[in-house]
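Here's the letter readout for the chains.
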Amino acid sequence: MKLQHRAWLMVVVVVGLAALGAMFGARYIIGESFAKLETERVDREAERARRLLAQQLNELQATARDYAWWAESVAFVQGRSPRYARENLSAESLASLRISGALLVSRNGTRVAALGRAGDDMVPLAEPVVQRLEPLIRRLQENKDAKSEIGSYLVVDGQMWLAAAAIVHDPELTSPKPEGVLVMVRHFDQAELRRFADVFMMPLGLTLESHAHGDDKPYTSVLDEGRRQVHALLRDHEGHSVGELILTLDRGLEQASEALTWTGMALALVAGMLASMVLVPVLDRLMLRRLQNLHADVQRLTNEGPIASGPVPVRGRDEIGQLATAINHLVDRVREDRRVQQEAHERQEALQMQLAHSQKTEALGRLTGGIAHDFNNSLAAITGWVRLAAEDLADGHPSQEALQQALKATRYADGLMRQLLAFGRQTPPRLRQLHWSSLIEETRLLVAPGLTRGCALEVEYRAVDDEVDADPTQLQQVMVNLLINAADAMGGQGTITVRLDALELPAPGNHQVPDEFLVLPAGHYLVLSITDQGPGVPADLRQRLFEPFYTTKAKGKGTGLGLSVAQGIVARHHGAIGLISEPGHGACFQVCLPVSRHDGAVQPHTAPGDLSADGRRLLFVDDDQLVRHAWSALLERKGWQVTRARDGEEAWVHFAKTGKQWDLVLTDQSMPRLDGVGLARRIHETSAPPPVVLMSGHVNEVPSKDLELLFAAVLHKPVEATELEDVLSSLVPAPSAPASTH
């Protein structure tokens with residue numbers, strides 16, 4: 001069968017099925033819609049009837065409340081106002097309020113008045129009604145709240161009553177107390193039912209039979225062909241069923257639903273027939289012939305090949321035209337395969353480079369953590385022996401200057417290791433109050449011998465107050481990196497300008513600052529500017545300058561870590577680093593740090609000094625022999641009685657079995673057999689443990705809880721002599737010199 005004939009047959013079958021589905025769908029949708037409308041109408045009218053009846057009960061409660069919260073009512077139940085009932089509960093008064101009777105009970109439960117209304121006369125309230133009201137009265141008497149009240153429906157001898165009970169009390173008292181109970185009832189007889197139907201504007205009935213359903217949802221029953229009844233359940237205050245309101249509704253919606261259903265089915269059938277007659281020629285003319293033409297074009301494209309053939313003609317903007325356009329796009333995509341594959345290959349290489357860079361960063365972190373202990377121990381030993389040599393020589397000795405420069409170099413080497421640890425996220429900066437200009441001069445002397453080669457340094461200080469809170473070693477590392485980059489940018493020839501300025505953020509509109517400064521909070525800052533005379537930084541490279549391992553230097557000339565490390569250091573100092581550069585006019589890197597807070601928690605930065613102690617006993621534990629000899633010699637020269645131990649076990653033998661009384665224990669952390677934490681735990685378990693000081697390059701490996709509980713102080717290797725002196729003196733003060741006698 002040809003495609004054309006298949007399409008015709010498909011149209012007829014599909015339209016027929018659609019028409020049949022539309023017929024039954026219309027029947028279902030119309031029926032369901034009208035059924036839902038009917039259900040909503042039943043629920044709405046039933047709920048409206050219950051609300052109107054509840055409104056009458058609320059009005060009766062309001063009337064009972066007004067009488068109960070009245071001083072005259074209080075006096076009556078107390079026996080002090082005998083005319084109260086005659087004046088306030090007369091037949092005329094009750095009739096105006098549509099009240100059928102009233103019952104008053106005193107505080108002790110004595111019936112004070114039980115009045116009923118029979119036309120224009122007052123008669124005693126029927127005893128069956130009184131008996132049905134007694135549970136309401138007892139319930140209110142059990143409640144001590146003077147403002148309590150109850151409204152309910154009651155069934156007495158096959159008739160329904162509306163009852164409202166309230167506690168009688170004097171509202172003028174600050175703390176009113178119950179004096180009795182007042183109950184008012186309304187007989188919901190046929191007259192009340194007719195009045196209620198007039199208000200509801202619909203025929204109503206009332207039945208007091210028990211409700212046969214399990215919930216409060218109204219149910220319906222067919223009365224005749226044109227009417228149906230809706231039963232709305234009524235419950236008393238305890239939730240018990242007392243009867244049903246019966247509403248009479250017409251069945252117009254059901255009849256309209258049936259008529260509309262048959263009309264919709266007929267229209268669906270007629271529409272299906274007309275659609276079949278129209279769609280067959282339209283399908284043949286607008287789609288089948290165009291598909292045949294498109295098939296011929298695709299056959300030509302197949303025979304000629306996608307590269308040599310021209311595009312497929314696009315006829316129209318509908319789906320067939322879009323199909324021709326898609327075929328043309330597919331041909332274009334084939335022609336661009338080589339370029340796309342090349343781009344994918346380049347992206348893959350870029351991802352591999354990023355992975356390699358990430359692995360380099362991880363490896364660097366592991367490397368710094370692995371060598372920190374041994375390197376710090378060696379550096380500590382070098383520092384100790386150099387300091388001993390400096391103390392052995394006279395102040396004017398020619399080698400004193402060389403030894404002091406060697407000490408500075410060890411401090412700088414200490415800073416380099418701390419910088420690598422900071423890059424590996426192992427060591428936070430140790431902030432000190434320092435004069436930035438002094439650190440600039442020290443850095444200038446450090447780099448002058450060769451790091452900046454033949455470049456000239458011009459330094460200018462414009463800030464009056466140049467104190468900042470910073471780690472001097474890390475901040476010096478930032479400046480060294482920037483100075484080396486400036487020298488490299490000029491090829492080692494030219495002038496590097498270093499300027500220190502004060503800055504107030506936010507900056508004035510005419511003051512140019514790097515974009516990185518805009519995120520800093522408002523306040524006082526110091527800005528260090530390092531400007532070179534090189535070619536500048538192109539705009540397309542500025543966004544990547546601070547990426548780890550990214551460098552513009554030739555292969556083998558740089559690692560790409562300098563600026564990324566500098567940015568991390570400045571960020572940890574609550575500052576920012578940015579660039580101002582124009583191609584051909586050099587580059588100006590600016591470092592912005594907040595001025596010193598002069599906080600007591602940040603100690604001033606001081607030069608190395610001497611240790612002082614007199615005759616104090618110290619147990620020094622370290623597994624590195626050079627460290628033990630160097631620092632022990634230094635401490636003994638200052639008057640300490642030092643006992644050395646190679647590890648924690650040997651130290652514990654000295655501590656526990658020699659019988660000596662130690663003033664202080666100074667221990668390393670990473671040692672064979674027993675580490676510093678284990679030794680500190682044993683010492684703390686003794687009766688009078690001395691203070692224990694931890695001096696290690698692996699402090700961050702110790703849990704913070706152990707640092708707080710076991711150690712009196714914690715020092716990071718290598719340790720400045722002044723820092724160790726302050727810690728030791730604060731824990732074990734030197735004994736006072738004895739007074740001289742004559």
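Quick caveat: nothing in here was measured; it's all calculated off a predicted structure.

1. Concerning the overall build of the protein chain
- The secondary structure content of the protein chain amounts to 18 helices and 23 strands.
- The contacts of the protein chain with a sequence gap of at least 6 include a subset with a gap of at least 24, amounting to 68%.
- By element, 55% of the accessible surface of the protein chain is carried by carbon and sulfur atoms, the whole surface being about 40100 Å².

2. Some thoughts on the sheet that holds strand β7 (residues 204-207)
- As summarised here, the arrangement of the four strands in space is β7-β10-β9-β8, forming an open sheet in which the pairing is antiparallel. Each end of this open sheet is capped by a strand with a single partner; those strands are β7 and β8 (219-222). Sheet twist, expressed as the mean angle between neighbouring strand axes with direction ignored, is 30°.
- When β8 meets strand β9 (residues 227-235), the two strands line up antiparallel, connected through four bridges. Across the sheet, Ser-221 pairs through a bridge with Gln-229, a residue of β9.
- Taken strand by strand, helix α6 (residues 190-200) contacts β7 and β10 (241-250), and its axis lies near 135° from that of β7.

3. A closer look at a nonpolar patch on the surface
- Together, Val-270, Leu-274, Met-277, Val-278 and Val-282 make up an exposed nonpolar region whose accessible area comes to about 470 Å².
- Summarising the element assignment, Val-282 is placed in helix α7 (residues 252-304).

4. A word on helix α14 (residues 625-637)
- Relative to the 18 Å expected for 13 residues at 1.5 Å per residue, α14 spans 18 Å between its end C-alpha atoms, a close match to the ideal helical length.
- Those residues of α14 not exposed but buried are Val-627, Arg-628, Ala-630, Trp-631, Ser-632, Leu-634 and Leu-635.
- The opening residue of α14, the one whose side-chain oxygen lies 3.1 Å from the backbone nitrogen of Val-627, is Asp-624.
- Immediately downstream of α14, the backbone of Gly-639 shows phi near 105°, a positive value.

5. Re the environment of Ala-54
- Relative to the helices and strands, Ala-54 resides in helix α1 (residues 3-68).
- Between the alpha carbons of Ala-54 and Ser-152 there is a distance of 9.2 Å; along the sequence they are 98 residues apart.

6. A short note on the pairing of strand β14 (residues 493-505)
- In this structure, strand β12 (residues 454-461) lies alongside β14, joined through eight bridges in parallel fashion. Bridge assignment links Gly-454 to a residue of β14, and that residue is Gln-493.
- Sheet topology places β14 next to strand β15 (residues 523-531); nine bridges connect them, and they run antiparallel. If you follow Thr-497 over to β15, its bridge partner there is Thr-531.

7. Let's talk about the packing of aromatic side chains
- Across all of its chains, the model carries six aromatic pairs by this definition.
- Aromatic pair Phe-188 and Phe-196: ring centres 6.1 Å apart, planes at 70°, arrangement edge-to-face.
- Given a relative accessible area of 4%, Phe-188 falls into the buried group.
- Owing to a relative accessible area of 1%, Phe-196 belongs among the buried residues under this scheme.
- Centre to centre, the rings of Phe-196 and Phe-200 are 6.4 Å apart; their planes meet at 10°, and the pair counts as stacked. Within this pair, Phe-196 and its partner Phe-200 are both found in helix α6, separated by four residues, close to a single helical turn.
- Within the aromatic cluster, the residues linked to one another by ring pairs are Tyr-67, Trp-70, Phe-76 and Tyr-84.

8. Notes on the confidence of the model for the protein chain
- Here the protein chain shows a mean pLDDT of 80. Residues at 70 or above account for 84%.
- Of all helices and strands in the protein chain, the one with the weakest mean pLDDT is strand β18 (residues 603-604) (62), whereas β15 scores best (94).
- pLDDT under 50 marks residues 556-560. Its contacts with residues more than four places away, or in other chains, come to eight contacts.
- Taken as a whole, residues 737-742 scores under 50 in pLDDT and shows zero contacts with residues more than four places along the chain or in a different chain.

9. Re the nonpolar core
- Leu-53, Leu-89, Leu-104, Leu-162, Met-184, Leu-245 and Leu-247 are the most contacted members of the largest nonpolar core, which has 43 residues in total.
- Of all the elements, α1 adds the most residues to this core, at 10 residues.
- Beyond its immediate stretch of four places on either side in the chain, Leu-245 contacts Ala-49, Arg-50, Leu-53, Phe-196, Gly-205, Leu-206, Val-230, His-231, Ala-232 and Leu-234.
- By size, the runner-up hydrophobic cluster in this structure holds 39 residues, among which are Trp-436, Val-468, Met-479 and Met-490.

10. Points about the pattern of salt bridges
- Enumeration over the complete set of coordinates arrives at 22 salt bridges.
- The partner of Arg-111 in a salt bridge is Glu-134, with the nearest N and O atoms 3.8 Å apart. Of this pair, Arg-111 sits in strand β2 (residues 111-118) while Glu-134 sits in helix α5 (residues 127-142), placing them 23 residues apart in sequence.
- Take Glu-134: its relative accessible area is 30%, and that puts it in the partly exposed class.
- When the shortest N-O distance is used, the salt bridge between Arg-462 and Glu-460 registers 3.0 Å.

11. Some thoughts on the packing of helix α11 (residues 436-447) against helix α12 (residues 472-489)
- One way to put it is that α11 packs onto α12 with a least axis distance of 10 Å and a crossing angle of 55°. In terms of their interaxial angle, α11 and α12 are classed as oblique. Viewed along their axes, α11 and α12 form a crossing whose handedness is right-handed. Within the contact between the two elements, α11 uses Trp-436, Leu-439, Ile-440, Glu-442, Thr-443, Leu-446 and Val-447 and α12 uses Pro-472, Leu-475, Gln-476, Met-479, Val-480 and Leu-483.
- Split into classes, the residues belonging to the contact of α11 with α12 amount to 10 nonpolar, two polar and one charged.

12. Focus on the side chain of Asp-236
- With respect to the helices and strands, the residue Asp-236 is situated in the loop between β9 and β10.
- Here Asp-236 occupies a buried position and makes no salt bridge, while the nearest side chain of opposite charge, Arg-132, is found at 5.4 Å.
- Polar side-chain contacts of Asp-236 include one of 3.1 Å to the backbone nitrogen of Glu-238.
- A polar contact of 2.7 Å, which involves the side chain of Asp-236, links it to the backbone nitrogen of His-240.

13. Things to note about the pairing of strand β1 (residues 101-106)
- Buried residues dominate β1, accounting for six of its six residues.
- The two faces of β1 match: Gly-101, Leu-103 and Val-105 on one face and Ala-102, Leu-104 and Ser-106 on the other face are all buried.
- Across six bridges, the pairing between β1 and strand β6 (residues 180-187) is antiparallel. What sits directly across from Gly-101, in β6, is Val-185.

About the thresholds
- Each chain has its residues counted from 1, running along the sequence as written.
- Note on the predicted model: pLDDT of at least 70 is required for a residue's local features to be given, and 80 or more for side-chain atom pairs to be given and counted; whole-chain, interface and lining totals, by contrast, use all residues.
- Neither water nor hydrogens contribute to the side-chain values; these are computed over all heavy atoms in the structure.
- In this text, helices come from DSSP runs of H or I with a minimum length of four residues, and strands from runs of E with a minimum of two, each type numbered from the N-terminal end.
- Here, two residues are considered to be in contact whenever any of their heavy atoms come within 4.5 Å of each other.
- Residue burial considers only the protein chains on display, and all accessible areas are found by Shrake-Rupley using a 1.4 Å probe.
- The pairing criterion is simple: DSSP has to find at least two bridges between the two strands.
- For helices, the fitted axis covers only the stretch in contact; all axes are lines through C-alpha atoms, and the angles between them, taken along N-to-C directions, range from 0 to 180 degrees.
- The patch calculation keeps residues exceeding 30% relative accessible area without a salt bridge and links them within 9 Å when they carry like charges or within 5 Å when they are nonpolar (Val, Leu, Ile, Met, Phe, Trp, Tyr).
- The term salt bridge refers to a side-chain nitrogen of Lys or Arg lying within 4 Å of a carboxyl oxygen of Asp or Glu.
- For a helix, the expected span equals 1.5 Å multiplied by the number of residues minus one.
- Throughout, exposure labels follow a simple rule: accessible area from a 1.4 Å probe, protein chains only, divided by the maximum for the residue type, with under 20% read as buried, over 50% as exposed, and the rest as partly exposed.
- Throughout this description, a polar contact denotes any pair of N or O atoms lying within 3.5 Å of each other; where both atoms belong to protein, one of them has to be capable of donating a hydrogen while the other can accept it, and for residues adjacent in sequence the pair is counted only when both atoms sit in side chains.
- Two aromatic rings from Phe, Tyr or Trp, using only the six-membered ring of Trp, form a pair when their centres are within 6.5 Å; if the ring planes differ by under 30 degrees the pair is stacked, by over 60 it is edge-to-face, and anything between is tilted.
- Each residue carries a pLDDT value, the predictor's own confidence for that position, ranging from 0 to 100.
- The set of buried Ala, Val, Leu, Ile, Met, Phe, Trp, Tyr and Cys residues whose side-chain atoms join them within 4.5 Å is what this entry labels a nonpolar core.
- Working rule for angles: under 35 degrees goes down as roughly parallel, over 145 as roughly antiparallel, 65 to 115 as roughly perpendicular, anything else as oblique.
- Crossings are assigned a handedness: left-handed for a near helix turned anticlockwise from the far helix by less than a right angle, right-handed for a clockwise turn.
- Gly is put with the polar residues, along with every residue not named as nonpolar or charged; the nonpolar set is Ala, Val, Leu, Ile, Met, Phe, Trp, Tyr, Cys and Pro, and the charged set is Asp, Glu, Lys and Arg.
- Counting rule applied: Lys, Arg positive; Asp, Glu negative; His and chain ends not counted.

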